[in-house]
Amino acid sequence: VNLFAAIRLCQATVPLMQSTGGGQIINVASLAGILPTPQLSVYAASKAALLAYSDVLAKELKGDNIAVVCACPPIVETPMVDYMRELSPTVLGGQRGIHPMGVVSAIEHALETGTFLAFPGQAKTVWRIKRFAPWFLERQLNRLQPENSR
């Protein structure tokens, strides 16, 4: 669902957008697709793939007046997150998430500024640390993991 639903929806709607002069595509990946996310490997892989797909799609559609935005939120307080915490209280390192409206605001900002990536909350800071100081981020992530899972 995380990847193939977005691909199929884009395949179904892009021709209509092209024939009507443009449009906007918003895909919601996750910061988990950028960061190593223990206990969420399949989810993280699907979100990384969605990020890559969205990046290529944005380049392919650039001349068609179709904006592509890919949101990469951190943890968002949703029923899915509540369920994950019920299954495994340590799965998210005990962290609280952002409000869903933070994701909406970041997407709106990306559309207004013509930015491909939308980083709600502190996600952009984390992304920058991952790019420029991955060793530091790895050390911080290790601190979040319970001793028995390292």
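Residues numbered from 1 in each chain as written. Predicted model: local features only at pLDDT ≥ 70, side-chain atom pairs only at ≥ 80, totals over all residues. Heavy atoms only, no water.

Colleague: Help me understand the sheet that holds strand β1 (residues 23-28), please; the structure alone is not making it clear to me.
Modeller: By way of backbone hydrogen bonds, the strands of a sheet pair with one another, either parallel or antiparallel. Reading across from one edge, β1-β2-β3 is the order of the three strands in this open sheet, with parallel pairing throughout. Each of the sheet's edge strands pairs with one partner strand only, and the pair in question is β1 and β3 (117-118). As paired strands, strand β2 (residues 66-71) and β3 are joined by two bridges and run parallel to one another. Looking across to β3, one finds that Cys-70 is bridged to Leu-117. Along the sheet, helix α1 (residues 4-20) contacts β1 and β2; its crossing angle with β1, the most-contacted strand, is approximately 170°. (Pairing = 2+ DSSP bridges. Helix = DSSP H or I, 4+ residues; strand = E, 2+ residues; numbered from the N terminus. Contact = heavy atoms within 4.5 Å. Axes fitted to C-alpha atoms, helices over the stretch in contact; angles between N-to-C directions.)

Colleague: Would you mind showing me how to read the packing of aromatic side chains here?
Modeller: Two aromatic rings are characterised by how far apart their centres lie and by the angle between their planes. Tallied over the entire structure, the rule returns two aromatic pairs. A ring pair is formed by Trp-135 and Phe-136, whose centres lie 5.9 Å apart and whose planes are at 80°; its orientation type is edge-to-face. (Phe/Tyr/Trp six-rings, centres within 6.5 Å; stacked < 30°, edge-to-face > 60°.)

Colleague: Got a minute to help me understand the pattern of salt bridges in this structure?
Modeller: Should their charged atoms come close, side chains of opposite charge can pair. With the rule as written, the count across this model stands at four salt bridges. Between Arg-85 and Glu-77 there is a salt bridge, with the nearest N and O atoms lying 2.9 Å from each other. You can call Arg-85 buried: its relative accessible area is 18%. Here Glu-77 and Arg-96 are joined by a salt bridge, their closest N and O atoms 3.1 Å apart. Taken together, the positions of Glu-77 in the loop between β2 and α3 (79-87) and Arg-96 in the loop between α3 and α4 (100-113) put the pair 19 residues apart, joining distant regions of the chain. (Salt bridge = Lys/Arg side-chain N within 4 Å of Asp/Glu carboxyl O. Buried < 20%, exposed > 50% of the residue type's maximum accessible area, 1.4 Å probe, protein only.)

Colleague: Would you take a moment to explain the nonpolar core for this structure?
Modeller: Buried together is how nonpolar side chains tend to be arranged in soluble globular proteins. Judged by nonpolar contacts, the single largest core of 17 residues is most densely connected at Ala-29, Leu-31, Ile-34, Leu-51, Cys-72 and Phe-119. Elements that contribute at least two residues to this core include exactly α1, α2 (41-60), α5 (123-132) and α6 (134-144). Considering each element in turn, this core owes the most residues, three residues, to α5. Among all residues touching Phe-119, those that are not within four sequence positions of it are Ile-34, Cys-72, Ala-106, Lys-124 and Trp-127. Grouped together as the second largest cluster of nonpolar side chains are nine residues, Cys-10, Val-14, Ile-25 and Val-68 included. (Core = buried A, V, L, I, M, F, W, Y, C linked by side-chain atoms within 4.5 Å.)

Colleague: It is not clear to me how the environment of Asp-64 should be interpreted in this structure. Could you clarify?
Modeller: Within the secondary structure layout, Asp-64 lies in the loop between α2 and β2. Judged by relative accessible area, which is 29%, Asp-64 ranks as partly exposed. As for Asp-64 and Ala-32, which are separated by 32 residues in sequence, their C-alpha atoms are 30 Å apart. Ignoring anything within four residues of it in the chain, the contact list for Asp-64 reads Gln-18, Gly-21 and Gly-22.

These figures come from the coordinates and say nothing about function on their own.
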